[in-house]
Structures are given as structure tokens and as C-alpha cells.
Amino acid sequence: MSLDTSSVVAWLTDFASVIHDNADLLTDLDREIGDGDHGSNMDRGMKAVAELESASFPTAADYLKKIGMTLVSTVGGASGPLYGTFFLRVGTAWGDAASAEDLGKALRAGLDGILARGKAEVGDKTMVDALTPALAAYDEHASEGIEAALNAAALACAAGRDATIPLVARKGRASYLGERSAGHQDPGATSVTFLIEAAARSLA
Ligand SMILES: [Mg+2]
């Protein structure tokens, strides 16, 4: 089995729907420690992704790269380049994603892109705090297949998201708040958990 364009469409359609339903939550979280636009920005970007003609792309990899470019050009703030880079790198590393190991390598390439672009480390109170343990859990369970690996990744992602609450932000706009950023859940860690949870539902 390999993950084709229709698998990616299922993943991104699920993610777009969850982003739309939770746009107010993401915006509220961002209002607490940022500039209050994460929900509306992500919703705008995912609507643009939903309008792409998936059938016009020769491969799933081409489609993923176009998703990345679309997010770069439609999502504002820091999230556009970070989510855009994630999908560009995932697309570049996708191949035919025939095995759990292949998918893990593609997701890992996406995280590496975010790290290169955002320069955040674990503990800075960003999306990296959720995605890093998610991919570690994925790798731990990759030998059990895509479904088990993605389910483990989704649980670890949510735990990483929750663990951002007590942290003091060291990156992005939230870092301007210093100690006052503690006690708030990071909006980027929240949206990236929706992304991995959507993958677990749709790619498994
Ligand atoms: Mg913002």
C-alpha cells in the first residue's frame, strides 16, 4: 500500500474542517499570548488549500509541495512560513510513502524544515514542543505500521501541546510577555496537534 493523492486530500480535508471548527479557540489562545490571528490565518490558508484541484497534480508529492506554497502565500504571521515549509519538505521527502518508515521520514523532514526556519528548540513554547515528541513516538511505533505509529504520534503530540502551558515563551511574539506567557497553551502547538490527529484519522 502507498499513500496517494487521495490520502493526502483526506488528511488535509479533515485538518481544514477541524481548523475551521476551532478557529475561535486558536484565535483566543493567540490573543492571550500573541496577536490573536492564528485561527483566522490558518482558516484562510486551509480554505485556499481546499480550493486546489488535487487531480491536476501528477503525484502526491507535487500536491503536498503546492499545499506548502499555498500556505506560505495565504497564512500570515509566523505560521505561514512554518506550515508552508513543513509541507514543502514533507512533499520533497514523500516518495510514494509506501511504508510507515517512509511516512515517518517525510514527517521528520517537515519538522526539520520547521526547525531550520523557526530556529526554535524544545522548551521554547512553540509547535516544536508538540511535533518533536509526536515524531519520536511515531518512530518508536513505526514497526507496528502506519496506524499504530500515527495513533502514538497523536497522543504524544497532545501531551506535548499540554506541556506548553506552564512554559515561559522564548520564541515569537509570546516571548515579549516573559514570565506572563506561562499558564497559557501555545496556539501553534495546538494547531499542529490538530494536524497530527487528522493524520491519525485519515492516513491510517
Ligand atoms: Mg498570531
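For the structure given in this document, a descriptive report is provided here. All values derive from a computational prediction rather than experimental measurement.

Take the overall build of the protein chain next. Across its full length, the protein chain carries nine helices and zero strands. Scanning the protein chain from its N terminus toward the C terminus, one meets helices and strands in the order α-α-α-α-α-α-α-α-α. Relative to the 2.2 N^0.38 estimate, which gives 17 Å for 204 residues, the radius of gyration of the protein chain is 16 Å and therefore close to what a compact globule would have. Viewed in the frame of its principal axes, the protein chain has a C-alpha envelope of about 50 × 35 × 30 Å. Looking at the protein chain residue by residue over its 204 residues, the buried ones come to 51%. Across the protein chain, the fraction of contacts at a sequence separation of at least 24, relative to all contacts at a separation of at least 6, is 62%.

What follows deals with unusual backbone geometry. The backbone of A97 sits at a positive phi, close to 40 degrees, despite the residue not being glycine. Within the fold, A97 resides in the loop between α5 (79-94) and α6 (100-118).

We now examine the environment of N151. In this fold, N151 is placed in helix α8 (residues 146-162). Residues N151 and A163, spaced 12 residues apart in sequence, show a C-alpha to C-alpha distance of 19 Å.

This brings us to the environment of G95. Note on placement: G95 falls in the loop between α5 and α6. Given 16 C-beta atoms within a 10 Å radius, G95 is considered partly exposed. Through-space distance from the C-alpha of G95 to that of A106 is 8.3 Å; in sequence the pair is 11 residues apart.

A few words now on α8. With 17 residues, α8 extends 24 Å between its outermost C-alpha atoms, agreeing within 8% with the 24 Å of an ideal straight helix rising 1.5 Å per residue. The set of residues buried in α8 consists of I146, A149, L150, N151, A152, A153, A154, A156, C157, G160 and R161. On its buried face, α8 sits against α6, α7 (128-141) and α9 (187-202).

Now for the nonpolar core. Within the largest apolar cluster, 60 residues are counted, with the highest numbers of intra-cluster contacts made by A134, Y138 and A153. Not counting residues up to four positions away in its chain, the partners in contact with Y138 are G104, L107, A149, L150, A152 and A153.

Turning our eyes to something else, we now look at the packing of α8 against α9. Axis separation between α8 and α9 bottoms out at 8 Å; the angle between their running directions is 165 degrees. Considering the angle they form, α8 stands roughly antiparallel to α9. Where α8 crosses over α9, the two elements pack in a sense that is left-handed. On α9, the residues touching L150, N151, A153, A154, C157, A158, G160 and R161 of α8 are A189, T190, V192, T193, I196, E197, A199 and A200. Taken together, the residues of the contact of α8 with α9 break down into 10 nonpolar, four polar and two charged.

To continue, consider helix α3 (residues 38-50). Two residues of an α-helix separated by three or four positions point the same way, owing to the 3.6 residues in each turn. End to end, α3 covers 18 Å across 13 residues, agreeing with the expected 18 Å (1.5 Å per residue, within 8%). All of the buried residues in α3 are H38, G39, N41, M42, D43, G45, M46 and V49. Check the buried side of α3 and you find it contacts α1 (5-21), α2 (23-33), α4 (60-74), α5 and α9.

Another aspect to go through is the environment of A149. Within the secondary structure, A149 is located in helix α8. A149 sits in the buried class, given 27 other C-beta atoms within 10 Å. Spatially, the C-alpha atoms of A149 and A134 are 9.4 Å apart, while their sequence positions differ by 15 residues. Dropping the residues within four chain positions of it, A149 is found in contact with A100, G104, Y138, H141, A142 and E144.

Thresholds applied
Residues numbered from 1 in each chain as written. Predicted model: local features only at pLDDT ≥ 70, side-chain atom pairs only at ≥ 80, totals over all residues. Helix = DSSP H or I, 4+ residues; strand = E, 2+ residues; numbered from the N terminus. Rg over C-alpha atoms; globule rule 2.2 N^0.38 Å. Buried ≥ 20, exposed ≤ 12 C-beta atoms within 10 Å, placed from the backbone. Contact = placed C-beta atoms within 7 Å. Expected span 1.5 Å × (residues − 1). Core = buried A, V, L, I, M, F, W, Y, C linked by C-beta atoms within 7 Å. Axes fitted to C-alpha atoms, helices over the stretch in contact; angles between N-to-C directions. Parallel < 35°, antiparallel > 145°, perpendicular 65-115°, else oblique. Left-handed = near helix turned anticlockwise from the far one by under 90°. Nonpolar A, V, L, I, M, F, W, Y, C, P; charged D, E, K, R; others polar.

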